[in-house]
Amino acid sequence: MSQFTNEDEALLQSMLRQLLQSVKEKITGAPSVECAEEILLHLEETDENFHNYEFVKYLRQYINNTLGSVIEEESEKCTSTRNQSEVSGYDTLVQHVTKKTRESKQYREMMHALKNVMTVVVESLVNKFEEDQMCKKELDSETKKKSQSYYGTDNYSDSDSSFNQSYTFMSQEKLQLLVEKLDPIQPKEVRQEALQTLCLAPPSDVLNSECWPNLRKHLTMSLSDPDEIFSEKILRFYAKTFSSSPFNMTREVYTSLAQHLEFYFLSGEYSLRISSGLDVSNADVTRILKKVRLLNEYQKEAPSSWIRYPEKYMEEIVESTLSLLSVKHDPNHPASSDFLSPIYFLALLDIKAVWFKKWTHAHYSRTVILRLLEKKYKSLINAAVQQCLDYFEFCKAAVCKTSRVDDFPQQHSNNEQKFFYTGSELQYIYFVHSLCLLGRLLIYKQGRNLFPVQLKNKKDCVSLTDLLVLFTQLIYYSPSYSKEALAAHTENYSPASLVMEILQVFCDQTGCATDCLYTDVVMDALLDPLQSLLNGTEVFINCLETTLIDIADILARIAAAEDGLSVLLYGGNKNSAKENSPTAVHIIVQFTKKLLHDDISLLSGSELLQVIKGAFIFVCRQMYRTCEGLQMLIPYGLHESIGEAWKKASLLSERVPTPVTGADSTSSISLDSKNVVLWEETLLDALLNFSATPKGLFLLHSTGAMSDCVSFMFNSLSKKHQANEHEEFDNGVIVAQMATTPTAVVALQSSGFIKTFIAKLWALLECGKDDVRITQPKSTPVDPIDQSCQKSFLCLINLLTYPAVFELLSKQDIPNKPMYSHREVPTDIINIIDRIIILNSEAKIHSLFNYEQSHVFGLRLLNVLCCELNTLLLLETQYKVSQVLLTAQEENVTEALEGPGDFIVDSLSVERNHVLVRINLIGGPQERILPSRALDKGSDPYPWPMFSSFPLPKCYLAEVPRKADFKQDKVLDKLMSILQSPGGQSEWAEICRRQFCKIMKTRPDTISGPTTDADVKKENLSSVQQLGIEMTVRYGKHLNLLKEHAENELCFVLMNCEQFLKQQQRAVVSSLRCLQGHYPGYDWFASSVFLIMSGDGEKTLTFLQQFSHLLVSAFLWIPRLHMSVHLPVVTVESGIHPVYFCSAHYIEMLLKAELPLVFSAFHMSGFTPSQICLQWITQCFWNYMDWSEICHYIATCIFLGPDYQVYMCISVFRHLQQDILKHTEAQDLQVFLKEEALHGFRVTDYLEYMESLELIYRPMLLKDMRNIRVQNT
C-alpha cells in the first residue's frame, strides 16, 4: 500500500483534525508558532494518550503493512548463523535493521507517498480555516442560547471551555482595538463581540501585550456588569488564563478578580446579612460564589508554581487575598457584627481552609504570609479567635443547661443538596474555617509569635495558652451525634473531631508541642474531667465517653514523646512545681485504677467502658514502659490492678461458649464473647509491656501472668506477617529483657517461641527461602555471616544470656546421633549446638547443605557465648568444647611425608583458632592478645600460630610486669590509720571516703595487694567450680599475684563461702533449674578478692564474712543473695537477682537521662543496657578490664557506696559512646559489646564524673537499694 485514494485523504483529514482538537490545550497557550511546533514534535514524550489517537494508529498500521516484510527479512538475515559474528547484541541488531530498512526502496516510496498526501491534507485544512471560523461562531451562538436556558452552569473554571476550540494569533493593533471596544462606555453589542474575539486569542498574547493594563481595568469593571452572561464570559476568560498561562501572568488576573470582589463587598450595592441566612440558588449569590470559587481554585494551584518566580509576584497574590478577607463594615455601623463578609463565602467553599494549608506548607510563601498577617492583617487572626470564643460560649451555655446543641446544626443526616444556610449554620461554617486556619497557623513558630492577640470585647489579651485551653474545652462541650448521622458523611465537622485533628498534629511536631501543649495550664485543662470524676464533683460534659477517649488519645501521644513524658511525670516547670498540685501522672494512674475497679458511677453500664479502660491503660503503658515512668507508677500498684482485671477476664473467657454450626454469628452472645476475648488480650498486652524495663519485668513476674503474656506475644508475632520498625525494636527489647530472667526464658521455651525461631534460623542457614524462584545460582557469601542471617544471629545472641543457657542446657546431653537426615530440622538450642557448633562426626558434617557457612555461623555464636564466663564454664564442662575444637584443628593439616603437617588456613581454622585462644586465656585488653579473624595482605596473610594442644603459644600472653615495691606516702598512711582506729561512724566514713578519692586520683596504682604463699589441702567441688578455679589460678599466676598451691587455697575459700551462704538460704520449691540448689554459676567476686589478697585464704574468708554485713555486698557479691532469707519469697521464687531489677534498672534510667544517644542506639539495636551490664557485673568485669581497673572498681564500690556500681557502668557507656553509635549503624552492637574489651577505660579518669552523678541520683538509688528486702519493690 504505497498509494493513497481520495477516501484515504478524507480519512486522514478527519483524523488529523481530531488530533489537533485533542491537543488544543497544549498549543493554545504557546507564546509563538515555533513553540507550538516544538510541542507537537515532542507530543509522544508529553502525552500519555499519544498512541491512542486514530491518526497515530493509522500511521502505525500503514508503516507496518508497507515495511513489515522488509523488517522481518532483515531481522532473519541478522540472526542467521553466518551473520552471528557480525551483528551481536540487541541494540546493535535494532540499529542494523533500522539502517537497512531506511535504505530500502519500499521506505523511499512510502515517504514519498506520505509527503504527497499530507501536503494535500494540510492545504485542505488551511483552505477551510475561514469556514471553520464561521462554524465556530454558529456553534458559539448555540452555546449562548443553551447557557441562557440552563441556569447555574459552573464550567468556567475548566480549561476545556468552548473558547479553546480553536486559536489564532493577534497583533498588537488588533488587541488595542479590542481594548477600546471593551470600554464600559461602549454599547453592549460592541463589548460582547470584542469579548468573543478576545476569548479566541491566546491568553499569553493578551497578557504580554502593552495594552493589558487598560484591558485589565475594563475587565475588572465589566465583572460587575448586570448582564450575567457577559460577566460569566469574563470569568471563563479568567479560568482559561489560569489553566494555560504561567504564574507571572495569572497573578494579574487573580489580583484583578480579588480587587473587584473587594470593591463589590465595600459598595453600597452589597447588603447581605448573616442573620438573614444565605440562599445559594439566588442569582446574585451564585455570581459571588462563582467568583470566590474561581479564586479558591487558583489559591490551591498557585503554590505549586510560584516558587519559580520573584517573591513580589507571590506577595501580590497573598496581599490581595488577605485584603479581601479582611473586608468588614465600619465598626460604627449598626449592622457591623451582622455583615456577611467575604470570608464566609470562602469558608462555604473551602470549609477546612485547604488554601491556607497549601500556602503555609512551604517556607518560601509561609514567611511572606505570616509577615503580612503580623504587620497589616492581624485582624483576620483576631476575628478567627473571636469566632472560636463565641462558639465555645454558645456550646458551654447549652451544655450547662443540660440541653443538646440544636440551635447550631453542624451536620445534616441526609445527602440531599442544600440551597439555604441559616445564620447559625453560616456562623458554624466560619467557625470550622477559623479553627482549621488557627490550627495550621500554630504549627509554625512565626505563627505562634502572633500571640497574644487583643480582642475588642475582652480586657485581657488571648495568649497562646488561652487558645489551647479553649481548644481543649471544645472537646468537652462538643455536640454529640448519633452513629447514623456520622455514618452518613465522609467527613466529620464536629468540633471535637476537628480539635483532635489539630492536637494530634501538634503532638507530632516537637517545637509546636513544647510551646502549645507542654504547659501546666494546658495539662490541667486536659485533665480537668478526670480530676472532677476523681473528686466526685459535677461534670458538665456533653458526651463523657467520647471525651474521655479523646483525652486518652492526646495523653498517649504526649507520653510517647520524651519531652511530653517529662511534662506528665514532673510537670511543665520542674523548678516551680507546686507541692500541693499533683503532676499529671498521679491523676492519670489514679483515674485508671478507679476505672479498673469500676469505681466511677457516671460510667457504670456504659457500652464504651472497656474502650475507655483500654485507652487509659495505654496512656499508663506509654509511661511505665520507661524506667522513670515506672518509678512514678510503682507506689500505686497498677500492675496488681491490671493483673487482677486480667484474672477476672481470663475466667470469663474460659466460659465463652464454643461456636455452634448454624448459629447467628452476629448475636449478642457472640459479640459479648468477642469483647471478653479482646479485653483479655488488651490486659495481657498491657502486662507484657511491663517487661520493657528490668524492674517492670520483675513486677510482671509477681502478677503470675508471665507465661500467658509470653504466649500472647508469640501468638501476636505469628499472626503478623510484617511488623513496622518501631514494633521490631520494641519486641527485640522485650525479648532481650526476658532472656536475662529464668522465669521468662522458661515461658519463651514453653510458648513455642524458641522452637519457631530455631526453625526459621535453620531455614535461612540451610534451606533459603522457599518462595523465591531461583533463576540464577546464589552468590557466595562474602561476609562470615551472610546478611540474610545477620538479624537471626543478633536475636540468638540476645536470647542466650547465662540465665537462659543454664535453664535450657543445664544437664542436657548432646544428641550425637549416628545419622542425621537433611530434612531433620533442629527444634531447640541443644540441637543448634549439636548441628553447627560441635561438629565432631562425619554424619553431622554431611547433614549440612552449607557446611562451611553454617559452621562459621556456629563458631561465631560460640565465640560470643563464651565471652560470658559462666556460659563458657557450662559449655566446657558439659560438652568439652575446647577438645572438640582442638581435634578439628589437628585434623585440618596438610599431609607430610615426615613429621606433622602444616595447618591449613581457611575460614574455619581461623575461627577455631580465635575461639580457642579466647576461651583458654583470661585477661583484660592489655593482658592477653587475641588473634585476628581476617587475613592480611602480603606474603604472610595469617601470622598467628595455630595449635592443636595446650598450652597456648606464648605469643598470645601479654607481658605483665611484676610491680616493684613502693613506699607508702602520707595520704595512704593516713587512710590506713583511719581504717585501723575509726572514730565516730559517720565522721569516720566521710574521712575515709575523702582519703580514698584522693589516693585514687593521685596514686591509683597503690590499690593492689602484695604476693604471699599458701598451702591448703584441696577439696572436691563441682566441675564448673573446679574449672573456674583453674582459670582463676592461671590468671593470677599470669598477673604474678599467686604462687604454687594457690589452687587448694581457693578451693578452701569457695567451699567455706558456699557453706556460709547456705546457712542464709531459704528452702524453695520451684521448677527452675537455677533454684535447685547452690548458686548456678561461679563466684567471680570471691575469686577477685582471693587475688586481691594474693592467695591468702584466711584473709579472704575473714574479709568476705565481714563484707557480707554491708549493703554493697548484695550488689558486688552475686551469690550472696542467691535464695537468701533476706529477700521476699516472691523475689526468690522469680530467680531474678536484685542487681538486675535494681542496679540494671537504674543503669537504664540514668543512661537515658545522661547519654540519650547511647540509650537510643540500644533501642534501635533491639538490645538492652541491662543485659550487658549484668554480664559485666556478674563476672566483675573479668576479660573486659585489666586487673588494676577491676581492683579500682571493687574498691570504689566498697569505699564510696553501692550506687557507684551504677555510675561505673554509665561511665563505661560514656567512654564507649562513639563506638556504640558506630556499631549501631553497622548493626552489630551486641557482638561488639560482648566481644570487645574496654580499651582505654580507666576508673580514675571518670571518678569526678561519677561524683557528679552521685550528687543527683544517690538519694533515690540508695533508698531503692536498701528496700530490696521489701515485697514488690
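Residues numbered from 1 in each chain as written. Predicted model: local features only at pLDDT ≥ 70, side-chain atom pairs only at ≥ 80, totals over all residues. Heavy atoms only, no water.

1. A word on the overall build of the protein chain
Working step 1: Across its full length, the protein chain carries 63 helices and two strands.
Working step 2: The buried share of the protein chain, taken over its 1273 residues, is 53%.
Working step 3: For the protein chain, the accessible area works out to roughly 60500 Å², and carbon and sulfur atoms hold 51% of it. (Helix = DSSP H or I, 4+ residues; strand = E, 2+ residues; numbered from the N terminus. Buried < 20%, exposed > 50% of the residue type's maximum accessible area, 1.4 Å probe, protein only. Areas by Shrake-Rupley, 256 points an atom, 1.4 Å probe, with all protein chains shown as cover.)

2. Here's the deal with the packing of helix α28 (residues 544-560) against helix α31 (residues 609-624)
Working step 1: In contact at an axis separation of 9 Å, α28 and α31 are set at 15° when each is read in the N-to-C sense. Here α28 is positioned roughly parallel relative to α31, judged by the angle of their axes. Like other packed secondary-structure pairs, α28 and α31 cross with a definite hand, here left-handed. Here E545, L548, I549, A552, L555, A556, A559 and A560 of α28 come into contact with α31, specifically with V611, I612, A615, F616, F618, V619, Q622 and M623. (Axes fitted to C-alpha atoms, helices over the stretch in contact; angles between N-to-C directions. Parallel < 35°, antiparallel > 145°, perpendicular 65-115°, else oblique. Left-handed = near helix turned anticlockwise from the far one by under 90°. Contact = heavy atoms within 4.5 Å.)

3. Here's the deal with the nonpolar core
Working step 1: If you look at the biggest cluster of nonpolar residues, it comprises 361 residues, and the most contacted ones within it are L373, F451 and F1213.
Working step 2: Ignoring any residue separated from it by four or fewer positions in sequence, one finds F451 in contact with I381, V385, L438, L441, L442, V462, S463, L464 and L467.
Working step 3: If you look at the next biggest cluster of nonpolar residues, it comprises 15 residues, including M15, Y53, Y58 and V117. (Core = buried A, V, L, I, M, F, W, Y, C linked by side-chain atoms within 4.5 Å.)

4. With respect to empty space enclosed by the protein
Working step 1: Counted by the stated rule, this structure contains nine cavities of 30 Å³ or more.
Working step 2: Taken as a whole, the largest cavity encloses approximately 450 Å³ of empty space.
Working step 3: Of all the secondary structure elements, the ones that give two or more residues to the lining of the largest cavity are α41 (802-809), α55 (1129-1134), α56 (1138-1154) and α58 (1169-1178).
Working step 4: For the lining of the largest cavity, the element with the most residues is α58, which contributes four residues.
Working step 5: Split into classes, the residues belonging to the lining of the largest cavity amount to 18 nonpolar, 10 polar and one charged.
Working step 6: Around the second largest cavity, the lining is made up of 14 residues, and of these Q1025, E1058, L1061, Y1079 and P1119 lie nearest the centre.
Working step 7: At five residues, the largest contribution of residues to the lining of the second largest cavity is made by helix α51 (residues 1046-1062).
Working step 8: When the residues that make up the lining of the second largest cavity are grouped by side-chain class, the tally is six nonpolar, five polar and three charged. (1 Å grid on protein atoms, 1.4 Å probe; cavity = no way out; pocket = protein on both sides within 12 Å on 5 of 7 lines; lining within 4 Å. Points joined across faces, edges and corners; volume = space filled by probe spheres on them. Nonpolar A, V, L, I, M, F, W, Y, C, P; charged D, E, K, R; others polar.)

5. Details of the environment of S949
Working step 1: Tracing the chain through its elements places S949 in the loop between α47 (907-920) and α48 (970-980).
Working step 2: Among the residues examined, S949 registers a relative accessible area of 45% and is labelled partly exposed.
Working step 3: In sequence terms S949 and E890 are 59 residues apart; their C-alpha atoms lie 8.3 Å from each other.

6. Concerning the confidence of the model for the protein chain
Caution applies to low-pLDDT parts of the model: their predicted coordinates are not meant to be read in detail.
Working step 1: Per-residue confidence for the protein chain averages 85 on the pLDDT scale, and 83% of its residues sit at or above 70.
Working step 2: Summarising per-element confidence for the protein chain, the mean pLDDT is lowest in helix α24 (residues 483-487) (46) and highest in helix α60 (residues 1204-1215) (98).
Working step 3: Across residues 482-490, confidence stays below pLDDT 50; counting only partners more than four residues off in sequence or on other chains, it has nine contacts.
Working step 4: Segment residues 1009-1019 is flagged for pLDDT under 50; beyond a separation of four residues in sequence, or across chains, it makes 30 contacts in the model. (pLDDT = per-residue confidence, 0-100.)

7. Side note on the side chain of E1148
Working step 1: Residue position: E1148 is located in helix α56.
Working step 2: Here E1148 is buried and forms no salt bridge, its nearest opposite-charge partner K1152 lying at an N-O distance of 9.3 Å.
Working step 3: In contact with E1148, not counting residues within four places along its chain, are C627, A692, P694, Q737, F1159, T1168, P1169 and S1170. (Lys, Arg positive; Asp, Glu negative; His and termini not counted. Salt bridge = Lys/Arg side-chain N within 4 Å of Asp/Glu carboxyl O.)

8. Observations concerning helix α12 (residues 212-222)
Working step 1: Along α12, the positions that sit buried rather than exposed are W212, L215, R216, H218, L219, T220 and S222.
Working step 2: The inward-facing, buried residues of α12 abut α9 (172-181), α10 (188-200), α11 (203-208), α13 (228-244) and α14 (247-266).

9. Let's talk about the pattern of salt bridges
Working step 1: Per the counting criterion, the structure on display carries 27 salt bridges.
Working step 2: In this structure, the salt-bridge partner of R251 is E316, at a minimum N-O distance of 2.8 Å. A residue pair is termed long-range when its members are at least 10 positions apart, and R251 in helix α14 and E316 in helix α16 (residues 311-325) qualify at 65 residues.
Working step 3: According to the relative accessible area criterion, E316 is partly exposed, its value standing at 34%.
Working step 4: E501 serves as the salt-bridge partner of K352, at 3.5 Å between the closest nitrogen and oxygen. Of this pair, K352 sits in the loop between α17 (342-349) and α18 (354-359) while E501 is found in helix α25 (residues 495-508), placing the two residues 149 residues apart along the sequence.
Working step 5: A residue is classified by how much of its surface remains accessible, and E501, at 38% relative accessible area, is partly exposed.
Working step 6: In the salt-bridge network here, residues are joined through shared partners; they are E232, R236 and K290.

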